[in-house]
Structure formats: structure tokens, C-alpha cells
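# Chains, contacts and geometry: an overview
Residue-level listing of the chains:
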Amino acid sequence: MPETTGKSPSVLFVCVHNAGRSQMAAAYLSALAGGAIEVRSAGSAPADSVNPAAVAAMAEEGIDMSEQTPKVLTTAAVQGSDVVITMGCGDTCPIFPGKRYEDWDLEDPAGQGVDALRPIRDDIKSRVQALIASLLP
């Protein structure tokens, strides 16, 4: 694991469209881990753009996601990550031995406004804080 290799742990967040949940989780991890964890996000069927309501909800937290773009999930991204966190993509995520996998059961924010996104955002933040505590000494 990362402690023995001397490199930063890496986390990949995956959801179908890479436009909401995985983008918010990646943004929180980047902001809260202060560069100590390598952060990636991707989707099995990426959207054309990040959900504007997710961008607005994160802006309320002082985190700017406006320049992010959805990325396609690649086998290389999974292989290059120590922890893979799925958010509703199920069996479209390749499985490799030696990786830590978690599935976060989060409501899909697609098509919802900022008010509906706030509780999802706050749930993601608490999960990311627990993830950081588990990865960094």
C-alpha cells in the first residue's frame, strides 16, 4: 500500500456521467487532502459537461469546479489507483487484485437543482473526510 512504497496514495472516483458525484468527491479530496493524495475521476459514459448545480453547490463551499470536464473511465486509470470508489456504475468498473474498492451509495444529482444537491454534497464531504483519515497517517 502507499505507506510502504513512499508515494502518495491515489484515489479514483467513478460514476456513470462523471458530471456530479464523482466530480464533487474529487474536488473535495483535492481541497481537503492538500496535495497528499493523488486524485482522479472518470465516468463509464461521460456527460458533455459537469452538472451546473454541482458546480454551484461546491462554489458554496469555496471550491471551484467550473473548469472540470467529464472524463472517460479507462483501465489504466483503475490500474494506476490504490483506491477505486464507485458511485453507481456497478459492473462497468474493471476489477484488479490488490486495489481497495468501495461503493458509495449516493443519490444521482442529475437534473436536480442546488437545493437537492446540498445533502448529497454534504454526504460526500463526510465520506471524503473519512477516506482521508484512512489513507493518511
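Residues numbered from 1 in each chain as written. Predicted model: local features only at pLDDT ≥ 70, side-chain atom pairs only at ≥ 80, totals over all residues. Heavy atoms only, no water.

### What to know about the overall build of the chain
Put simply, the rule reads: Secondary structure elements follow DSSP: runs of H or I of four or more residues count as helices, runs of E of two or more count as strands, with numbering from the N terminus. The size measure is the radius of gyration over C-alpha atoms, and the globule rule it meets is 2.2 Å times the number of residues to the 0.38 power. A simple rule labels every residue: compare its accessible area, found with a 1.4 Å probe on the protein chains alone, to the largest value its type can have, and call it buried under 20%, exposed over 50%, or partly exposed in between. Should any heavy atoms of two residues lie within 4.5 Å, those residues are considered in contact. Where accessible areas are quoted, they stem from the Shrake-Rupley method and a 1.4 Å probe; at the residue level, only the protein chains shown are allowed to cover. When charges are counted, neither His nor the chain ends are considered; positive counts come from Lys and Arg and negative counts from Asp and Glu. The atoms used to mark charge sites are NZ of Lys, CZ of Arg, CG of Asp and CD of Glu.
Within the chain, the secondary structure is distributed over 5 helices and 4 strands. N-terminal to C-terminal, the α/β element order of the chain is α-β-α-β-α-α-β-β-α. Over its C-alpha atoms the chain spans a radius of gyration of 14 Å, differing by no more than 12% from the 14 Å that the globule rule assigns to 137 residues. Taken along the three principal axes of its C-alpha coordinates, the chain extends 45 × 30 × 25 Å. By the burial criterion, 42% of the 137 residues in the chain qualify as buried. The contacts in the chain between residues at least 6 apart in sequence include a share of 71% that link residues at least 24 apart. Carbon and sulfur atoms provide 52% of the accessible area of the chain, an area that totals close to 6400 Å². Separation between the mean location of the 10 positive side-chain charges and that of the 17 negative ones in the chain comes to 5 Å.

### Overview of the environment of Arg100
Note the threshold: For this analysis, a polar contact is any N or O atom pair within 3.5 Å, provided that within protein one partner can donate a hydrogen and the other can accept it, and provided that sequence-adjacent residues contribute only side-chain to side-chain pairs.
With respect to the helices and strands, Arg100 occurs in strand 4 (residues 100-103). For Arg100 and Glu61, which are 39 residues apart along the polypeptide, the C-alpha to C-alpha distance reads 28 Å. Once residues lying within four places of it in the same chain are set aside, the contact partners of Arg100 are Asp82, Val83, Val84, Leu131, Ser134 and Leu135. Polar contacts involving the side chain of Arg100 include one to the side chain of Ser134, which spans 3.1 Å.

### Comments concerning the pairing of strand 3 (residues 83-86)
Worth spelling out the cut-off: Being paired, for any two strands, means DSSP has found at least two bridges between them.
Residue alternation in strand 3 divides its side chains into two sets, Val83 and Ile85 and Val84 and Thr86, and both sets are buried. In this sheet, strand 3 lies alongside strand 1 (residues 10-15) in parallel orientation, the contact comprising 4 bridges. Of the residues in strand 3, the one forming a bridge with Val11 is Val83. Summarising the sheet, strand 3 and strand 4 pair through 4 bridges and their orientation is parallel. Looking across to strand 4, one finds that Val83 is bridged to Arg100.

### Remarks on helix 3 (residues 52-59)
The following threshold applies: The arc in question is traced by the directions running from the helix axis to the C-beta atoms.
Taken as a whole, helix 3 has its buried residues at Ala53, Ala54, Ala57 and Met58. Buried residues in helix 3, looked at end-on, bunch into an arc of 135°, giving them a common side. At its buried positions, helix 3 is contacted by helix 2 (21-33) and helix 5 (114-135). The N-cap residue of helix 3 is Asn51: its side-chain oxygen and the backbone nitrogen of Ala53 are 2.8 Å apart.

### Focus: the pairing of strand 1
Which entries qualify depends on this criterion: Seen with its strands pointing away from the viewer, a crossover is right-handed when the path leading from the first strand over the helix to the second is clockwise.
Summarising burial for strand 1: 6 of the 6 residues are buried, a large majority. Burial along strand 1 is two-sided: the face carrying Ser10, Leu12 and Val14 and the face carrying Val11, Phe13 and Cys15 are both buried. Of the crossover connections in this fold, the one passing from strand 1 over helix 2 to the parallel strand 2 (residues 38-43) is right-handed.

Nothing here speaks to function; it is all geometry.
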